[in-house]
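# Reading the structure
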Amino acid sequence: MTTITNQLTYQKNDVEKFSKAKGEPTWMTNLRTEAYDSASHLDMPKPDKTNINRWNFTEFKLGSEGEKIADLATLPEELASFVDEKNIPENIIILRNQTKAYAQISEELTNKGVIFTDIFTALKEHSDLVQKYYMVDAVNVNEHRLTALHTALMNGGVFLYIPKNVQIEEPIQTLFWQEDNEMALFNHVLIVAEENSSVTYVENYISNNKEEKTVSNIIAEVYAGDNATVSYGAVDHFAAGTTSYINRRGVAGANAKIDWALGQMNEGNTISENATHLVGNGSSTNARTVTVGKGRQIQNFTAKTVHHGLNTDGQISQRGVMLDRTTAIFNAIGKIDDGASGANAEQESRILMLSGKARGDANPILLIDEDDVTAGHAASVGRIDELQMYYLQSRGITKEDAERLIIHGFLAPVVSELPIETIKTQLTELIERKFD
């Protein structure tokens, strides 16, 4: 049997050279090489009803340089719509081909001990802190081949650390721009919010490679300490040439809260997992995902809450609109462990079909090992309500505009929750562009 190491564009010595060239600590170099060795015998992930073995996750261009950006007033056209000109963000990082092109953090946050920097700077300047959390609890290196390859080949990302008792009022923003149409993104986002802290973080993934084929292998880890709150917003917009594996996970302490608002607007094939482990008593999460599928896309979305502590609350809301010949799988999983009494697991998955050739599956799953709990689920796959259409058209609205109104209303529960107005506007525009 041919092993993954024979298929990969990059070999083990390339991984070592890359790590040393970045000035990474010894533990990181060792972690990379061990993960590379593990990848040869690990299986690919097996998302429900989706065979990803036929997709390319091993041949790609890993490195590319990106030019610096002098200031936000002179942003390239591809990025300008993601930054509010009237309300310039104080805390923002832009990675251009995984190179830090622009970075700004307010002096106020720096004085409070907040760390917001690219992942390679964090590995140099805050090695022990990164090591404490990096691929430790939220995601395991050896879960499957893609987590191992991610660990071995990680080529960009950010690190955000909020010390104990620090409340950050303004959103913190990151733009990941895949300008090089052949470059792969093995991106890692690590967020640590210590006890009694709070932060809102928003990120965007942007590419234009409609013809050139490449891959994104993205992992985000969020740790919320006791009584901490993390709001995580994202809009993913990889072009049709990028095949994406995106894994975002959170670990919540006692009375901590991790909320997700995810706009999955990729044009290419996508596997996305969003899971939150409610470890501490009284912890909670609200995970919201919205997507619009177009063309011949294959998409698989899994949202999961795992209840470990007492009196935890996990909410899942998934909304999707399917066009053309899209295939989409929505899995919503609420798992309540033995001993997690008082837990509440609720989930809702709804898919709106706008084409007779599209396929959508909504799978509600409850895995309950405890008696003293509440849980519920709702799932639907259907077409636009003809009564709604009739009502709107009877008021003089055209059929096309009536469809748009219904669709935007259908997706609003997620779109309205994005914490930055420009990002909310951009997601709305992306939705419109899908229909155009």
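It should be noted that the structure appears before, not after, this text.
What you see is a predicted model; the values in this text were computed from it and never measured.

Calculation criteria
Residues numbered from 1 in each chain as written. Predicted model: local features only at pLDDT ≥ 70, side-chain atom pairs only at ≥ 80, totals over all residues. Heavy atoms only, no water. Helix = DSSP H or I, 4+ residues; strand = E, 2+ residues; numbered from the N terminus. Buried < 20%, exposed > 50% of the residue type's maximum accessible area, 1.4 Å probe, protein only. Salt bridge = Lys/Arg side-chain N within 4 Å of Asp/Glu carboxyl O. Pairing = 2+ DSSP bridges. Axes fitted to C-alpha atoms, helices over the stretch in contact; angles between N-to-C directions. Contact = heavy atoms within 4.5 Å. Patch = residues over 30% accessible without salt bridge, like charges linked within 9 Å, V, L, I, M, F, W, Y side chains within 5 Å. Areas by Shrake-Rupley, 256 points an atom, 1.4 Å probe, with all protein chains shown as cover. Lys, Arg positive; Asp, Glu negative; His and termini not counted. Charge placed at Lys NZ, Arg CZ, Asp CG, Glu CD. Expected span 1.5 Å × (residues − 1). Polar contact = N/O pair within 3.5 Å; in protein donor to acceptor, adjacent residues only side chain to side chain. Parallel < 35°, antiparallel > 145°, perpendicular 65-115°, else oblique. Left-handed = near helix turned anticlockwise from the far one by under 90°. Nonpolar A, V, L, I, M, F, W, Y, C, P; charged D, E, K, R; others polar.

Of note, Asn 97 is a non-glycine position whose phi angle comes to about 55°, a positive value. Inspection of the secondary structure assignment puts Asn 97 in the loop between β1 (92–96) and β2 (99–104). Look at Asn 97 and you get buried, because its relative accessible area is 4%. Positive phi is not limited to glycine here, since Asn 196 has a value of about 60°. The residue Asn 196 is located in the loop between β6 (187–193) and β7 (198–207) in this model.

Before going further, it helps to examine the pattern of salt bridges. This model, assessed by the stated rule, comprises 19 salt bridges. Between Lys 12 and Asp 37 there is a salt bridge, and its shortest N-O distance comes to 2.9 Å. Of this pair, Lys 12 sits in helix α2 (residues 12–21) while Asp 37 is found in helix α3 (residues 26–39), placing the two residues 25 residues apart along the sequence. The exposure class assigned to Asp 37 is partly exposed, which follows from its relative accessible area of 36%. Through salt bridges that share partners, Lys 49, Arg 359 and Asp 361 make up one connected network.

This part covers the pairing of strand β15 (residues 313–322). Where burial is concerned, most of β15 is hidden: eight out of the 10 residues are buried. Where strand β13 (residues 284–293) meets β15, 10 bridges bridge the pair, whose relative direction is parallel. Opposite Thr 285, over in β15, you have Gly 314 as the bridge partner. In the sheet, β15 pairs with strand β17 (residues 344–353) via 10 bridges, with the strands oriented parallel. Of the residues in β17, the one forming a bridge with Gln 315 is Glu 346.

If you walk across this open sheet you meet the 10 strands as β2-β1-β5-β7-β9-β11-β13-β15-β17-β19, and the pairing is mixed. Among the strands making up the open sheet, the edge pair consists of β2 and β19 (374–382). Mean inter-strand twist for the sheet, computed between neighbouring axes without regard to direction, equals 10°. As defined by bridge partners, β17 adjoins β19 across nine bridges and the pair is classed as parallel. The residue of β19 that forms the bridge with Ser 349 is Ala 379. Along the sheet, helix α11 (residues 421–435) makes contact with β5 (172–178), β7, β9 (229–237), β11 (257–264), β13 and β15, crossing β9 at roughly 30°.

All right, on to a negative patch on the surface then. A contiguous patch of negative charge, built from Asp 338, Asp 369, Asp 371 and Asp 372, is present on the exposed surface. Accessibility expressed as a relative area gives 76% for Asp 371, which makes it exposed.

Next up on the list: the sheet that holds strand β8 (residues 214–224). Spatially, the nine strands line up as an open sheet ordered β3-β4-β6-β8-β10-β12-β14-β16-β18, and their pairing is mixed. The outermost strands of the open sheet, each flanked by one partner alone, are β3 (115–118) and β18 (359–368). Between one strand and the next, the sheet's axes are offset by a mean angle of 5°, whatever the strand orientation. By the bridge criterion, seven bridges tie strand β4 (residues 156–162) to β6 in an arrangement that is parallel. Each residue of the ladder has a partner; that of Gly 157, found in β6, is His 188. Packing against the sheet, helix α8 (residues 145–153) makes contact with β6, β8 and β10 (242–252), and its axis sits at approximately 90° to β8.

If you check α11, its first and last C-alpha atoms are 22 Å apart, about what 15 residues at 1.5 Å a residue would give, namely 21 Å. For α11, every residue scored as buried is listed here: Thr 422, Ile 423, Lys 424, Gln 426, Leu 427, Leu 430, Ile 431, Lys 434 and Phe 435.

Along the polypeptide, Thr 200 turns up in strand β7. According to the relative accessible area criterion, Thr 200 is buried, its value standing at 15%. Not counting residues up to four positions away in its chain, the partners in contact with Thr 200 are Pro 171, Ile 172, Ser 231 and Pro 419.

In this section: the environment of His 188. Here His 188 shows up in strand β6. Judged by relative accessible area, which is 0%, His 188 ranks as buried. Once the C-alpha coordinates of His 188 and Asp 84 are considered, the two residues, 104 residues apart in sequence, prove to be 25 Å apart. Leaving out residues up to four positions away in the same chain, His 188 has contacts with Tyr 134, Met 135, His 150, Met 154, Gly 156, Gly 157, Val 158, Ile 219 and Glu 221. Polar side-chain contacts of His 188 include one of 2.8 Å to the side chain of Glu 221.

α3 packs onto α2 with a crossing angle of 160° between their chain directions and a minimal axis gap of 9 Å. Here α3 runs roughly antiparallel to α2, going by the angle between their axes. The hand of the α2/α3 crossing is right-handed. Residues Lys 12, Val 15, Glu 16, Phe 18 and Ser 19 of α2 pack against Met 28, Thr 29, Arg 32, Thr 33, Tyr 36 and Asp 37 of α3. Partitioning the contact of α2 with α3 into residue classes produces four nonpolar, three polar and four charged.

Just geometry here; none of it tells us what the structure is for.
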